[in-house]
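If you want the building blocks of each chain, they are given just below.
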Amino acid sequence: MADKKNDASSGRRYRLLANPTSDNDMIGIFDSGVGGMTVAKAVEQALPDHRLIYFGDLARTPYGSKSPETITDYARQDTEFLLAKGARLIIIACNTAASIASEQLRREFDVPIFEVITPAVDKAIATSSSGRIGVIGTRATVNSGVYEEKIRAQASEAKVFSQPCPLLVPLVEEGWLDKRETKMILRRYLAPLKRHQVDTLVLGCTHYPLLKELIQPRIGKRTKVIDSSREVADCLKNYLATHPELDSQLRHGGSNRYYVSDLTEAAGSIARRIFGRPMELHKVTI
Ligand code: DGL
């Protein structure tokens, strides 16, 4: 569906073929690993008839501790893989890749590109009554300052308090979802946000929805917790409802496909935990 050549007129590396085949037109989702399956699951629930294709870059995860240049290169390759497999639009499920590379990908690829940050920001602004908004994410996401930038672009009075939580991804990947140590670390990470009395907290990382049950009581029940996976799924659903010309080109029916660049037992069990069913993950080299 995507034609891999320089399109001189748009300056973009990809352009859509004039007559995309219905066999190809899927919703493409990528992440640095399996955490982005929280987004895939939300999309499956929001758009159960649409067909999706997922890529998790397990061989090179985590992205959260990499440099912006490396994250951008990886995000570009992930997008190329999905387009070559027949994606018609892309969702960047990885907050880290979204915070660093989404603008660059939009310049390079002539397909609709959704990402998890913008819908979560919109929801946070709509939800917060005090304007005191907390964000938790990887170091790369927090260092990018993208949440502050996007929130303050729409709500200049808002006060954004961001907290990098680098230990949470490995804890989720180890399956330590209900361990004492995880609760202790969460308490420590959330303490400054509690002190700042945030009334809204954005889960700015694919893995954090899996810790939502632990996060909510520790940040306090009056703080609204925003799960970016649900927000991006709703955003895509609304977009397709108002863009029937795109929706009609997307493939409906058939089974979804999940690709990973490395296959480990831990990945299989996180995938199973996210979907609540055994998942068939296909290993590919990109
Ligand atoms: N997927 C990443 C994110 O949402 C977390 C894992 C990683 O660091 O690669 O930020």
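Just so it is clear, the model here is predicted, and its values are computed rather than measured.

As a further point, take the nonpolar core. Nonpolar side chains tend to gather and get buried jointly when the protein is soluble and globular. Residues Ile-27, Ile-29, Val-43 and Ile-91 are the most contacted members of the largest nonpolar core, which totals 72 residues. One finds Leu-177, Val-198, Leu-203 and Val-225 within the second-largest nonpolar core, a separate group that totals 23 residues.

The description of an aromatic ring pair rests on the distance of the ring centres and on the angle between the ring planes. Applying the stated criterion across every chain, the model contains six aromatic pairs. Between the aromatic rings of Tyr-63 and Tyr-74, the centroid separation amounts to 5.3 Å while the plane-to-plane angle is 50°, which identifies the pairing as tilted. One end of the pair, Tyr-63, is in the loop between strand 4 (52–56) and helix 2 (68–84); the other, Tyr-74, is in helix 2, with 11 residues separating them in the sequence. Accessibility classification places Tyr-63 together with Tyr-74 in one group, the buried group. Arranged with centres 5.5 Å apart and planes meeting at 80°, the rings of Phe-81 and Tyr-259 form a pair that is edge-to-face. Pair noted here: Phe-81 is in helix 2 and Tyr-259 is in strand 11 (residues 257–260), with a separation of 178 residues, a long-range link.

Let's shift gears to the sheet that holds strand 4. Within the open sheet, the six strands sit side by side as 6-5-3-4-11-12. Their pairing is parallel. With partners counted over all chains shown, the strands left at the sheet margins are strand 6 (113–115) and strand 12 (281–283), one partner each. Along the sheet, successive strands turn relative to each other by an average axial angle of 25°, direction set aside. Direction of pairing for strand 4 relative to strand 11: parallel, over a ladder of four bridges. Among the inter-strand pairings, Tyr-54 is bridged to a residue of strand 11, identified as Tyr-258. Strands in contact with helix 3 (residues 95–108) are strand 3 (26–31), strand 5 (87–92) and strand 6; relative to strand 6, the strand with the most contacts, it is inclined by about 165°.

Read from one edge to the other, the open sheet built from four strands follows the order 8-7-9-10, with strand pairing classed as parallel. Where the open sheet ends on each side, the last strands, each with one partner, are strand 8 (159–164) and strand 10 (224–227). Recorded for the sheet is a direction-independent mean angle of 20° between the axes of neighbouring strands. The pairing of strand 7 (residues 132–137) with strand 9 (residues 200–204) spans five bridges and is parallel. Bridged to Ile-136 within strand 9 is Leu-203.

Below, the discussion takes up the side chain of Thr-206. Residue placement: Thr-206 occurs in the loop between strand 9 and helix 9 (212–219). By relative accessible area, which is 6% here, Thr-206 ends up buried. Side-chain polar atoms of Thr-206 contact the side chain of His-207, separated by 2.9 Å.

Quick notes on the rules
- Residues numbered from 1 in each chain as written.
- Predicted model: local features only at pLDDT ≥ 70, side-chain atom pairs only at ≥ 80, totals over all residues.
- Heavy atoms only, no water.
- Core = buried A, V, L, I, M, F, W, Y, C linked by side-chain atoms within 4.5 Å.
- Buried < 20%, exposed > 50% of the residue type's maximum accessible area, 1.4 Å probe, protein only.
- Phe/Tyr/Trp six-rings, centres within 6.5 Å; stacked < 30°, edge-to-face > 60°.
- Helix = DSSP H or I, 4+ residues; strand = E, 2+ residues; numbered from the N terminus.
- Pairing = 2+ DSSP bridges.
- Axes fitted to C-alpha atoms, helices over the stretch in contact; angles between N-to-C directions.
- Contact = heavy atoms within 4.5 Å.
- Polar contact = N/O pair within 3.5 Å; in protein donor to acceptor, adjacent residues only side chain to side chain.

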